[in-house]
2 protein chains.
Amino acid sequence: MKALLLIAHGSRRTASNEEVFALAERLKSSCAHQYSILQAGFLEITTPSIATAIENCVAAGATSITVLPYFLNSGIHVIKDIPDSIEQAQIKFPTVEINMAEHIGASELMMPLLIDAANAVN
Amino acid sequence: MKALLLIAHGSRRTASNEEVFALAERLKSSCAHQYSILQAGFLEITTPSIATAIENCVAAGATSITVLPYFLNSGIHVIKDIPDSIEQAQIKFPTVEINMAEHIGASELMMPLLIDAANAVN
């Protein structure tokens, strides 16, 4: 059973965190045929943490988890913090396949998205 | 003459800021037919500031500037800080049309981007 785990930074502003949960809900609808389980998790400030979100996915029956960093830059969070959390979870759940996707800022689709967002103004 | 101004948060990590400049360069190539001028600017921590970036666009001959926030959440930066900077610039340059695009997290193309990024793992 496959799970998709959307990881955002986490904000002190509740509305920002709710945007992430709402995005995860929309992803859940769009990806139900691919991912039986869809969770949101946060690097810091708010919950669930990455560790807890992975545990929740495993508790729900996930045998494969794709961790998708909702981050624009390849900073320390993307390079070290999220991989470290995944490594710890992998030790805890050795039989579950846990993979990390590229952070979204690296997506080839970012360029057309930016152009579309700019053009929507004109 | 139209300008596109990509505004990122700004990071203490030089490589993150360089990613923004690199993205702006790629946008410049992709959008040359639409925007004669393409600049990157930063809300804080690094330069050019939004004010300076807008001044640079005007100095380069821009009569219309689209400010595109490279932000995922509709936090205080998107709701207040960037609009405030635009408002100040608008007072300084009353004949230049300055519009703010939606932050990229609000794009309808974010959903297919996320799905594509997740699927690239499998």
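Before any of the text, the structure's been laid out above.
Description of the structure in this document. None of these values were measured; they are calculated from a predicted model.

Check the secondary structure of chain A and you find four helices and four strands. For chain A, the N- to C-terminal ordering of α and β elements is β-α-β-α-β-α-β-α. Relative to the 2.2 N^0.38 estimate, which gives 14 Å for 122 residues, the radius of gyration of chain A is 15 Å and therefore close to what a compact globule would have. Across its three principal axes, chain A shows a C-alpha extent of roughly 50 × 30 × 30 Å. Taking all contacts inside chain A whose residues are at least 6 apart in sequence as the whole, residues at least 24 apart take part in 71%. A total accessible area of about 5600 Å² is found for chain A, and carbon and sulfur atoms account for 53% of it.

This part is about the environment of Ile86 of chain A. In this fold, Ile86 of chain A is placed in helix 3 (residues 76-92). A sequence separation of 17 residues divides Ile86 of chain A from Pro69 of chain A, and the C-alpha atoms of the two residues are 12 Å apart.

When its volume is computed, the largest pocket comes out at roughly 1000 Å³. Together, 35 residues line the largest pocket, and His9 and Phe71 of chain A together with His9, Phe71 and His77 of chain B are the ones closest to its centre. For the lining of the largest pocket, the residue count by class is 15 nonpolar, 16 polar and four charged. In this structure, the second largest pocket encloses a volume near 170 Å³. Every residue lining the second largest pocket is counted, 14 residues in all, and those nearest its centre are Gly105 and Ala106 of chain A together with Glu19, Leu23 and Tyr70 of chain B.

For the rest of this paragraph, the subject is the environment of Asp81 of chain A. Examined against the element boundaries, Asp81 of chain A turns out to sit in helix 3. Expressed as a C-alpha distance, the spacing of Asp81 of chain A and Leu43 of chain A, which sit 38 residues apart in the sequence, is 7.8 Å.

Before going further, it helps to examine unusual backbone geometry. All names here are of chain A. With an omega of 0°, the peptide bond running from Thr47 to Pro48 counts as cis. Residue position: Pro48 is located in the loop between strand 2 (37-42) and helix 2 (50-59). Despite not being glycine, Ile45 has its phi angle at roughly 75°, a positive value. Of note, Ile45 is situated in the loop between strand 2 and helix 2.

Contacts between the two partners involve 45 residues from chain B and, on the opposite side, 45 residues from chain A. Taken over both partners, the interface formed by chain B and chain A buries close to 3600 Å², and the fraction arising from carbon and sulfur atoms is 63%. For the pair chain B and chain A, the interface holds two salt bridges. Close ionic contact of Arg26 of chain B with Glu108 of chain A constitutes a salt bridge, the shortest N to O distance being 3.6 Å. Sorting elements by how many residues they give to the side of chain B that touches chain A places helix 4 (residues 110-119) of chain B first, with 10 residues. Each residue belonging to the side of chain B that touches chain A can be placed in one class, and the counts come to 26 nonpolar, 12 polar and seven charged.

What counts, and where the lines are drawn
Residues numbered from 1 in each chain as written. Chains lettered and ligands numbered in written order. Predicted model: local features only at pLDDT ≥ 70, side-chain atom pairs only at ≥ 80, totals over all residues. Heavy atoms only, no water. Helix = DSSP H or I, 4+ residues; strand = E, 2+ residues; numbered from the N terminus. Rg over C-alpha atoms; globule rule 2.2 N^0.38 Å. Contact = heavy atoms within 4.5 Å. Areas by Shrake-Rupley, 256 points an atom, 1.4 Å probe, with all protein chains shown as cover. 1 Å grid on protein atoms, 1.4 Å probe; cavity = no way out; pocket = protein on both sides within 12 Å on 5 of 7 lines; lining within 4 Å. Points joined across faces, edges and corners; volume = space filled by probe spheres on them. Nonpolar A, V, L, I, M, F, W, Y, C, P; charged D, E, K, R; others polar. Buried area = accessible area lost by both parts, 1.4 Å probe. Salt bridge = Lys/Arg side-chain N within 4 Å of Asp/Glu carboxyl O.

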